[in-house]
Amino acid sequence: MSTYQIASAARERRGPGRLRTLARGQAVQLAAGTVVALVVVAAACAPLLAPYDPNAVDPLAVSQGSTGTHWFGTDDTGRDILSRLLYGARPSLLAPALITVAAGLVGTALAVAAAWLGGWWDRLISGLLDVIFGFPGLVLAVVGAAVFGAGLDIAVVTLSLAYLPYVARVVRSTAMRERSLPYISALEMLGMSGPRICLRHLVPNLLPLVLVQATTAFGYTMLDVAAFSFIGLGTQPPTAEWGLMVAGGAPGILAGRPEQSLYAGLVIVVFVVACNVLGSGLSRRLLGEDR
């Protein structure tokens, strides 16, 4: 048997296995997308789905386990955990969405400006990003809370600033490669202005990368927002929010009543994993990283 025939036979043997791998990957992507969609729908329809007011206190139902009237039990003040999970999805999703959009827009704009202008503009923007990159998001949040007071809005601003370099650095390197391609020079020779080339040609070619970055960053920003609420720098009581629920239910863990922290933490973990799976799938589909 020739070398070509051996290679062809090996490819044929790998074919079904690769198809099965792709099918499993698509199934995982579908499951992740379904999780994300269900959480978004639950947040949007919280007033219709929640059986109780999330802040309604029932002194006769304090720290109950799962019952027919309270499926997920109640917290230490008698508030329904399921209702608080549904309403808590709103700030838990809104804050990461705002952070992702803000960091994506500003980061992409800075990256494109650095790649297009080059020279000392590139060095100035890159140096600024390096300075911001040196400050962890938690440090920025503590400083922001010390200056302006704790709150979800301060957490959004500080985290947007903290995630800015992550987006800008990745997009800048791709924008630099795109800037050096022949079609850019051809458009310049035709007399098209720099801003027009960037908006009509350069930025659209960068959108797949920005989308992949945003999908993955969304999950990580949710973890950070939940962490800030957990330490008291984000959402403030009595607002229902997943990170705040984990913090509020922490004392009950040692007392044998882990329902509030357990359910809130589980929802956060599942949603973040789903975002990461979607980000990986988009990376393969849009950027061709599986080739």
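Note that the coordinates shown come from a computational prediction; the quantities given were computed from them, not determined experimentally.

J.: How should I be thinking about the overall build of the chain in this particular structure?
T.: Along the backbone of the chain there are 10 helices and zero strands. Ordered by position from N to C terminus, the α and β elements of the chain give α-α-α-α-α-α-α-α-α-α. Counting every position in the chain, which comprises 291 residues, the buried fraction comes to 40%. A separation of at least 24 residues holds for 69% of the contacts in the chain among residues at least 6 apart in sequence. Working note: accessible area of the chain is about 15700 Å², and carbon and sulfur atoms make up 69% of it.

J.: Would you mind going over unusual backbone geometry with me for this structure?
T.: It is generally the case that most residues other than glycine have a negative phi and that most peptide bonds are trans. In this chain, proline 237 is followed by proline 238 through a cis amide linkage whose omega measures 5 degrees. Here proline 238 lies in the loop between α8 (194–230) and α9 (242–254). Residues other than glycine seldom take positive phi values, yet serine 63 does so here, at roughly 55 degrees. Mapped onto the fold, serine 63 is located in the loop between α2 (46–49) and α3 (81–117). Taking relative accessible area as the criterion, serine 63 reaches 21% and is therefore assigned partly exposed.

J.: Help me understand the pattern of salt bridges in this model?
T.: For the structure on display, the rule yields four salt bridges. Taking the shortest distance from any N to any O, the salt bridge between aspartate 75 and arginine 79 comes out at 2.8 Å. Each member of the pair, aspartate 75 as well as arginine 79, carries the same accessibility label: buried. Between glutamate 188 and arginine 179 there is a salt bridge; the shortest N-O distance is 3.5 Å.

J.: Could you clarify how one ought to interpret the environment of proline 59 in this entry?
T.: With respect to the helices, strands and loops of the structure, proline 59 is situated in the loop between α2 and α3. The spacing of proline 59 and glycine 78 is 19 residues in sequence and 5.7 Å in space, taken between C-alpha atoms.

J.: Quick question: what am I supposed to make of the packing of aromatic side chains here?
T.: Both the distance between ring centres and the angle between the ring planes are used here to describe each pair of aromatic rings. Evaluation of the coordinates by the stated rule reveals five aromatic pairs. It is arginine 179 that lies over the ring of tryptophan 116; its NZ or CZ is 3.8 Å from the centre.

J.: What's the story with the side chain of threonine 158 in this structure? I'm lost.
T.: Turning to its location among the elements, threonine 158 is positioned in helix α6 (residues 152–179). On the accessibility criterion, threonine 158 (9% relative accessible area) is buried. Among the polar contacts listed, one links the side chain of threonine 158 to the backbone oxygen of isoleucine 154, at a separation of 2.9 Å. Within the structure, threonine 158 has its side chain in polar contact with the backbone oxygen of alanine 155 (distance 3.1 Å).

Analysis parameters
Residues numbered from 1 in each chain as written. Predicted model: local features only at pLDDT ≥ 70, side-chain atom pairs only at ≥ 80, totals over all residues. Heavy atoms only, no water. Helix = DSSP H or I, 4+ residues; strand = E, 2+ residues; numbered from the N terminus. Buried < 20%, exposed > 50% of the residue type's maximum accessible area, 1.4 Å probe, protein only. Contact = heavy atoms within 4.5 Å. Areas by Shrake-Rupley, 256 points an atom, 1.4 Å probe, with all protein chains shown as cover. Salt bridge = Lys/Arg side-chain N within 4 Å of Asp/Glu carboxyl O. Phe/Tyr/Trp six-rings, centres within 6.5 Å; stacked < 30°, edge-to-face > 60°. Lys NZ or Arg CZ within 6 Å of the ring centre and 35° of its normal. Polar contact = N/O pair within 3.5 Å; in protein donor to acceptor, adjacent residues only side chain to side chain.

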